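Observations on the model geometry
Take a look at the letters that make up each chain.
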Amino acid sequence: AQSVTQPDIHITVSEGASLELRCNYSYGATPYLFWYVQSPGQGLQLLLKYFSGDTLVQGIKGFEAEFKRSQSSFNLRKPSVHWSDAAEYFCAVVWMDSSYKLIFGSGTRLLVRP
Amino acid sequence: DVKVTQSSRYLVKRTGEKVFLECVQDMDHENMFWYRQDPGLGLRLIYFSYDVKMKEKGDIPEGYSVSREKKERFSLILESASTNQTSMYLCASSLDRGLTEAFFGQGTRLTVV
């Protein structure tokens, strides 16, 4: 079955520290991968996406993510977190089979310590 | 600017009522989606549509139906609302069959009492 797993419900980091949010998916078809961010009271905004090519992709707000096919992972990273990055982050996948469903993970809430 | 508009930000309905949630996009997108968002569960796909009059079930379609009579409008229908359908409902649209960015509405917080 198609599934997207974000194993960390909450993560707390200090401002200026590095960040890595984990995302794993399962299913055999080719995945197209996304990270979205939802700030308090706001709608979802796309941070970055991976379709093909270079497995390290750059996004907005200084975020990057690396696709590792062997690990079925697409982890989100940022070298130095800012207080404004506090939000909920969602990994999402579309599988290139006949369904084309856009499936989201359960989200990771990021808290930033001053 | 890209826009996905959901007709209501907040709704309160009674158990057993028929509820309509409306979503309109102005981007001429083929695909439209309905999700519900619950704490700790993320966004769960209810239904999606990749063309007018076409619909496909998502992961949690039970208790819901949808209608897409025009390209820009995708309606979610709760045939007989129940308290376990209290949730935040998000509508989204995308240009290609999921291959491009999905744009989201602001959400409708539905409370069923």
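Preceding block: the structure.
Residues numbered from 1 in each chain as written. Chains lettered and ligands numbered in written order. Predicted model: local features only at pLDDT ≥ 70, side-chain atom pairs only at ≥ 80, totals over all residues. Heavy atoms only, no water.

**So, the interface of chain A and chain B**
- Chain A puts 23 residues into the contact, and the matching count from chain B is 22 residues.
- Summing both partners gives a buried area of about 1,800 Å² for chain A against chain B, and 57% of it is carried by carbon and sulfur.
- Our count for the chain A to chain B interface comes out at 1 salt bridge.
- The salt bridge involving D59 of chain B is made with K101 of chain A; its shortest N-O contact spans 3.0 Å.
- Seen at the junction of chain A and chain B, the total is 6 residue pairs in polar contact (both at pLDDT 80 or more).
- For the side of chain A that touches chain B, the secondary-structure elements that each account for two or more residues are β5 (31–38), β6 (44–50), β10 (87–95) and β11 (102–104) of chain A.
- Sort the elements by how many residues they give to the side of chain A that touches chain B and β5 of chain A lands first, with 4 residues.
- Grouping the constituent residues of the side of chain A that touches chain B by class yields 13 nonpolar, 8 polar and 2 charged. (Contact = heavy atoms within 4.5 Å. Buried area = accessible area lost by both parts, 1.4 Å probe. Salt bridge = Lys/Arg side-chain N within 4 Å of Asp/Glu carboxyl O. Polar contact = N/O pair within 3.5 Å; in protein donor to acceptor, adjacent residues only side chain to side chain. Helix = DSSP H or I, 4+ residues; strand = E, 2+ residues; numbered from the N terminus. Nonpolar A, V, L, I, M, F, W, Y, C, P; charged D, E, K, R; others polar.)

**A few points about the pairing of β10 of chain A**
Residues and elements named next belong to chain A.
- When you tally the buried positions in β10, you get 9 out of 9 residues, the bulk of the element.
- Here β10 shows no split at all, with A87, Y89, C91, V93 and W95 on one side and E88, F90, A92 and V94 on the other all buried.
- Where β5 meets β10, 8 bridges bridge the pair, whose relative direction is antiparallel. Across the sheet, residue W35 finds its bridge partner in β10, namely C91.
- Bridge count between β10 and strand β12 (residues 108–113): 3 bridges; the pairing is antiparallel. (Buried < 20%, exposed > 50% of the residue type's maximum accessible area, 1.4 Å probe, protein only. Pairing = 2+ DSSP bridges.)

**Concerning the sheet that holds strand β3 (residues 19–25) of chain B**
Residues and elements named next belong to chain B.
- Pairing is antiparallel across the open sheet formed by 4 strands, whose spatial order is β1-β3-β8-β7. Unpaired on one side and paired on the other, β1 (4–6) and β7 (64–70) mark the two borders of the sheet. Neighbouring strand axes in the sheet, compared pairwise and without regard to direction, differ in orientation by 20° on average.
- With 6 bridges connecting them, β3 and strand β8 (residues 73–78) associate as antiparallel partners. Directly across from L21, in β8, lies its bridge partner L76. (Axes fitted to C-alpha atoms, helices over the stretch in contact; angles between N-to-C directions.)

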